[in-house]
Each structure stands twice: as structure tokens, then as C-alpha cells.
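Now for the letters of each chain:
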Amino acid sequence: MIKTACVTGADRGIGLELVKRLLERGCKVFAGKYASARGALDELREEHPDRLSVIPLDIGSDASVRQAASQIAESAAAIDLIVNNAGILGDIERTVYDEDLDFDEMLQVFNVNALGAFRVVHALLKPLMRSEGKLIANISSEAGSIGAAKRTNWYGYCMSKAALNMQAVLLHNQLREQGGQVLLIHPGWVQTQMRGHLDAGATYTPEQASVHIMDVIADRERYRGDKPAFVDLLGRPYPW
Ligand SMILES: NC(=O)c1ccc[n+]([C@@H]2O[C@H](COP(=O)([O-])OP(=O)(O)OC[C@H]3O[C@@H](n4cnc5c(N)ncnc54)[C@H](OP(=O)(O)O)[C@@H]3O)[C@@H](O)[C@H]2O)c1
């Protein structure tokens, strides 16, 4: 049973909706907030002051992740679920033929999407492994699938999500003997601001996507095995 959860990148989009779903299920939630401006997460906190903690968290920064982890440790001995949701897209237009490929930006995308999730797990490992749940749910992407890759651009994002998937395998290999489990979930094409504007043509609203993602999380035993499951929001396996 999930009693306590931590969600990264929770100030908008899929992360914010996942926080709402977890609160609806009675969980205590630590929600990572990246932007400093007051927003929907702070309003949600006013509705759930005893079960929602808003934690400043930049998963691209060692210091920020360490600080957030010690703040969480002050009020929770155990974390049943870590949802590594925070992510950035970077450039999705340029191909190898473009002269102005931005490698610094790709490093930033990799730092957030791949290393960021690992930083968070590393910093919260003790409370995670002390918990009953011991579950890590990484919001990955179809873009991280090597088997299904068709694009000729999106370099930083696709490579970072493929690295996130590899990280999940390594972690799962390590933690499963102690009851730990990692899930990789492609959330579908979701109407968020990830592209810098509302992606209104996308298939799912963030609320719809979060409901399905929570179903996959709740159904975790179905996906338990030697390797982490890589599935979409409807639980359908995705090619590695
Ligand atoms: N939307 C889709 O169709 C789609 C498809 C496949 C996978 N995904 C994945 O789903 C996840 C959520 O994306 P979304 O669509 O909800 O996008 P979003 O609305 O842009 O939300 C991303 C969240 O991550 C936060 N964030 C960005 N950089 C961060 C950092 N360094 N540290 C901590 N938090 C940071 C953002 O904070 P700010 O609000 O302050 O920027 C925001 O809260 C991502 O991992 C994404 O790759 C999305």
C-alpha cells in the first residue's frame, strides 16, 4: 500500500495531476516544485495542509536534491513511492545536418531527464528501502524506445529517455532482491506545456493521463519481474 509518495516536477502538467490522484487516495505527498512563482501546487497545499508538502526541488542540481531529501527526511522515515516525473524537452527540430546543434542544451536535457531521476533515487534510497512500497515509477517516453525509434531529430530528449530506461534496469537489478521495483511508464501524448505552449492537439488531458498512470502503479504486481516493465499508460508493453 502506498502511504507516502514523492513526485518531482509537480508544479504543473502530469506531475501536478499525479499529486492530486495520490491525495485522493489518502497518501501523504512530497511534491517537488521547480519554479519559484506561486502556483497551482501552493493552492492545492492550502486544501491539504497536513498531507501535502511542497518542496523546492531542481533535480538537475546535486545540492538542491540533497536539500530536498533532508527536508523530506525530517517528516517521513519511509517513502513508498518515488515518481520521477520532472522532464524537459530541449530542441526537437534540428537534425545532424544543422550546423548550430546545441550540445550544451543536450547536456542539460540529459542532466535533468536521465541523471536527475537517479539523483533523486540516490538521495531518497534509505527512506525508500525502509518502506513497504519500495516502488520507483519513472515517467519515461516512447521517445526513449530504441526499438521503435523513427525520428531523425529530438536527439537530446530521445537519448536522455533511453538513458533513463537503462538506469531503471540497473536500479531494478539492484533493488528487486529486497522487494524494490522500478516501472517505466510512457504517459501517452498529453496536453501539457512541455513544448513551451499548450499542446492542445494531444490525445489525453493531464488529468486523464494521471488516472491511467495511477492504475498502472496500483497494478504493480502484474508488472513485477526480473526487469522493470516498460509500458504505456494503458499498461501495454513498449519495445525497449
Ligand atoms: N506531455 C507529453 O505528451 C509527454 C509524452 C511523453 C513523456 N512525457 C514526460 O512526462 C513528464 C511530465 O511532462 P509534462 O508533459 O507534464 O511537462 P510539463 O508540463 O512541462 O511539466 C514538467 C515539469 O517538470 C518540471 N521541471 C523542469 N525542469 C526541472 C528540474 N530541473 N527540476 C525539477 N523539475 C523540473 C517543470 O517545472 P516548471 O513548471 O517550473 O518548468 C514541470 O513541473 C516528463 O518527464 C516528460 O518527458 C510527456
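See the structure above.
Here goes a summary of the coordinates provided. (Residues numbered from 1 in each chain as written. Predicted model: local features only at pLDDT ≥ 70, side-chain atom pairs only at ≥ 80, totals over all residues. Heavy atoms only, no water.)

1. Some words on the packing of aromatic side chains
Applying the stated criterion to the full structure yields three aromatic pairs. Taking 5.5 Å as the distance between ring centres and 50° as the angle between the ring planes, the aromatic pair formed by Phe230 and Tyr238 counts as tilted. On the accessibility criterion, Phe230 (3% relative accessible area) is buried. With centroids separated by 5.5 Å and ring planes inclined at 55°, the aromatic side chains of Phe230 and Trp240 adopt a geometry described as tilted. With Phe230 in strand S7 (residues 229–232) and Trp240 in the segment after S7, this pair connects stretches of sequence that are 10 residues apart. The exposure class of Trp240 is partly exposed, given its relative accessible area of 41%. Taken together, the ring pairs connect Phe230, Tyr238 and Trp240 into an aromatic cluster. (Phe/Tyr/Trp six-rings, centres within 6.5 Å; stacked < 30°, edge-to-face > 60°. Buried < 20%, exposed > 50% of the residue type's maximum accessible area, 1.4 Å probe, protein only. Helix = DSSP H or I, 4+ residues; strand = E, 2+ residues; numbered from the N terminus.)

2. Description of a nonpolar patch on the surface
A cluster of nonpolar side chains, namely Val96, Tyr97, Tyr155 and Met159, defines an oily patch on the protein surface of about 490 Å² accessible area. With respect to the helices and strands, the residue Tyr97 is situated in the loop between strand S4 (81–84) and helix H4 (103–123). By relative accessible area, which is 76% here, Tyr97 ends up exposed. (Patch = residues over 30% accessible without salt bridge, like charges linked within 9 Å, V, L, I, M, F, W, Y side chains within 5 Å. Areas by Shrake-Rupley, 256 points an atom, 1.4 Å probe, with all protein chains shown as cover. Salt bridge = Lys/Arg side-chain N within 4 Å of Asp/Glu carboxyl O.)

3. Thoughts on empty space enclosed by the protein
By the definition in use, this model includes three cavities of 30 Å³ or more. Computed from the structure, the largest cavity encloses a volume of approximately 90 Å³. Along the walls of the largest cavity sit 14 residues, with Asp91, Leu101, Glu105, Met106 and Gly156 positioned nearest its centre. Of all the secondary-structure elements, those providing two or more residues to the lining of the largest cavity are H4 and helix H6 (155–175). Looking at the lining of the largest cavity, its residues break down into eight nonpolar, two polar and four charged. (1 Å grid on protein atoms, 1.4 Å probe; cavity = no way out; pocket = protein on both sides within 12 Å on 5 of 7 lines; lining within 4 Å. Points joined across faces, edges and corners; volume = space filled by probe spheres on them. Nonpolar A, V, L, I, M, F, W, Y, C, P; charged D, E, K, R; others polar.)

4. A closer look at the pairing of strand S6 (residues 181–186)
Counting buried positions along S6 yields six of six residues, so the element is predominantly enclosed. Of the two faces of S6, the one carrying Gln181, Leu183 and Ile185 and the one carrying Val182, Leu184 and His186 are both buried. Bridging between strand S5 (residues 135–139) and S6 involves five bridges; their strand directions are parallel. Opposite Ile136, over in S6, you have Val182 as the bridge partner. Handedness of the crossover joining S5 and S6 through H6: right-handed. Taken together, the four bridges between S6 and S7 define a ladder with parallel strand orientation. Counterpart to His186 in the pairing with S7 is Asp232. For the crossover that starts at S6, traverses helix H7 (residues 206–218) and ends in the parallel S7, the hand is left-handed. (Pairing = 2+ DSSP bridges. Right-handed = clockwise from strand over helix to strand, strands pointing away.)

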